[in-house]
Amino acid sequence: MDEIKIRGLEISACHGVKDFEKIDRQPFIFDADIKTSFFAAAQTDDLNLTVNYSKICALITEITQGNTFALIEKLAYECAFAIFERFERVEGVSLTVWKPKAPMKRKFENVGVSVSLKREKAYLSLGSSMGDKKLYLDTAIEKLNSTRGVKVEKVSSYMKTQPYGGVAENEFLNCAVCISTFLAPHDLLDEIHRIEEECGRIREKRWGDRTLDIDIIFFGNLQIADETLTIPHADYQNRDFVKIPLKEIAPHLIK
């Protein structure tokens, strides 16, 4: 993957926790690495086939001077998100915000924060076994698509399945969804939990009946195994209600 590099973009703006920082401008310095492919631009010498670094700088300036945030962490994420949203050719962003005049009673050269995001495809399994099941799935897909950093690209047919795991009693309605996202996997999981809660999900009994269940099955080529998340999903190969809808929208992933 090719990269466009921006170094030392200095912007005067007002960001900080202290009251005077919200009215007195100070310098903020940006370094950015923009992952994209500009092979076609190199062959044709056509600016439209690459990412215009001047427009990237203008966007960072617009966000930095058009807002006042307490934290440079917030500033960094806002700039990174906006770059993805404004430029479809961008596949990855690594961005650092430096605050050389931070009001600390210590001698220091600089302080800053960095954020690194990558556009990925992820595949989710959705299910409902309570209430208006179709409405819950429809609502979940709408909420996913309206989540910042997530775009729903494909939705499988809905299918009725029998409960799995020996705890739930009701028939399920299931589907699979392909999304494009530049959220990190655990951040996507947090958004999924929010959507489940907004749809009335109560976590009382594992594998019990629920209004909405969303599982991350695949996330790019990542492999994750920790206390909160396992990717690929640990048991997806034994679940036809996952495999059949997934095979409909991503036959290359399911044997």
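Here is a short report on the structure shown in this document. (Residues numbered from 1 in each chain as written. Predicted model: local features only at pLDDT ≥ 70, side-chain atom pairs only at ≥ 80, totals over all residues. Heavy atoms only, no water.)

### Comments concerning the packing of helix α2 (residues 53-66) against helix α3 (residues 72-86)
As a reminder of what qualifies: Between the N-to-C directions of two axes lies an angle of 0 to 180 degrees, each axis being a line fitted to C-alpha atoms and, for a helix, fitted only over the stretch in contact. The helix count covers DSSP runs of H or I at least four residues long, the strand count covers runs of E at least two residues long, and both are numbered beginning at the N terminus. When describing relative orientation, an angle under 35 degrees is termed roughly parallel and one over 145 degrees roughly antiparallel, while 65 to 115 degrees is termed roughly perpendicular and anything else oblique. Two helices that cross are described as forming a left-handed crossing if the nearer one is turned anticlockwise from the farther one by less than a right angle, and a right-handed crossing if clockwise. The contact rule is simple, with two residues in contact once any of their heavy atoms fall within 4.5 Å. Three categories are distinguished: nonpolar for Ala, Val, Leu, Ile, Met, Phe, Trp, Tyr, Cys and Pro, charged for Asp, Glu, Lys and Arg, and polar for the others, with Gly belonging to the last.
Where α2 contacts α3, the axes come no closer than 10 Å and their chain directions differ by 135 degrees. Here α2 lies oblique to α3, going by the angle between them. Where α2 crosses over α3, the two elements pack in a sense that is right-handed. Of the residues in α3, those touching α2 at I56, L59, I60, E62, I63 and T64 are L75, E78, C79, A82, I83 and R86. Of the residues assigned to the contact of α2 with α3, the class counts are eight nonpolar, one polar and three charged.

### Considering the pairing of strand β8 (residues 172-181)
Regular strands show a simple pattern: their side chains alternate between the two faces of the sheet. Applicable threshold: Relative accessible area decides the class of each residue, using a 1.4 Å probe on protein chains only: under 20% of the type maximum gives buried, over 50% gives exposed, and in between gives partly exposed. In this analysis, strands are considered paired if DSSP registers two or more bridges between them.
Among the ten residues of β8, ten are classified as buried, and the element is accordingly described as predominantly covered. Of the two faces of β8, the one carrying F172, N174, A176, C178 and S180 and the one carrying L173, C175, V177, I179 and T181 are both buried. With five bridges connecting them, strand β6 (residues 150-155) and β8 associate as antiparallel partners. What sits directly across from K154, in β8, is C178.

### Remarks on the layout of surface pockets
Applicable threshold: Definitions used for this entry: grid spacing 1 Å over protein atoms alone; cavity, a set of points where a 1.4 Å probe fits but cannot get out; pocket, an open set with protein on both sides within 12 Å along at least 5 of 7 lines; lining residue, one with an atom within 4 Å of a point. Grid points are joined across faces, edges and corners, and a volume is the space filled by probe spheres set on the points.
Size it by volume and the second largest pocket reaches roughly 250 Å³. Lining the second largest pocket are 13 residues, with F84, R119, K151, S180 and F182 positioned closest to its centre. Secondary structure elements with two or more residues in the lining of the second largest pocket: α3, β6 and β8. Sorting elements by how many residues they give to the lining of the second largest pocket places β6 first, with three residues.

### Topic: the sheet that holds strand β2 (residues 26-36)
Strand order in the open sheet formed by four strands is β1-β2-β3-β4, and the pairing between neighbours is antiparallel. Single-partner strands in this sheet number two, and they are β1 (2-13) and β4 (112-118). Strand after strand, the sheet turns through a mean of 10 degrees between neighbouring axes, direction not considered. Of the strand pairs in this sheet, strand β3 (residues 92-98) and β4 are connected by seven bridges, and their pairing is antiparallel. Residue pairing for β4: L95 is matched across the bridge by V115. Lying on the sheet, α2 is in contact with β1, β2 and β3; it crosses β1 at an angle near 35 degrees. On top of the sheet, α3 reaches β2, β3 and β4; it is set at about 30 degrees to β4, its chief contact.

### Some details on the environment of K134
Its location among the elements puts K134 in helix α4 (residues 133-145). Overall, the relative accessible area of 46% leaves K134 in the partly exposed class. Residues K134 and L173, 39 residues apart in the sequence, show an inter-C-alpha distance of 7.1 Å. Apart from residues lying up to four places away in sequence, K134 is in contact with Y158 and L173.

### Structural notes on the pattern of salt bridges
For clarity, the cut-off: Whenever Lys or Arg places a side-chain nitrogen within 4 Å of a carboxyl oxygen from Asp or Glu, that contact is recorded as a salt bridge.
In total, this model carries 17 salt bridges according to the counting rule given. For the salt bridge of R7 with D33, the shortest nitrogen-to-oxygen distance reads 2.8 Å. With R7 in strand β1 and D33 in strand β2, the pair connects residues that are 26 residues apart, well separated along the chain. For D33, a relative accessible area of 17% corresponds to the buried category. One network of salt bridges, with partners in common, ties together E3, K5, R7, D33 and K35.

### Description of the packing of aromatic side chains
The line we're drawing: Only Phe, Tyr and Trp rings are paired, with Trp represented by its six-membered ring, and only when their centres lie within 6.5 Å; those with planes under 30 degrees apart are stacked, over 60 edge-to-face, the remainder tilted.
Taken as a whole and judged by the stated rule, the model has four aromatic pairs. Both rings, one in F84 and one in F182, keep their centres 4.4 Å apart while their planes meet at 5 degrees; by these two values the pair is stacked. With a gap of 98 residues between them, F84 in helix α3 and F182 in the loop between β8 and α5 (185-198) connect regions that are remote in the sequence. Residue F182 is classed as buried on the basis of its relative accessible area, which comes to 6%. By the ring-pair criterion, three or more aromatic residues cluster together here, those being Y77, F81, F84 and F182.

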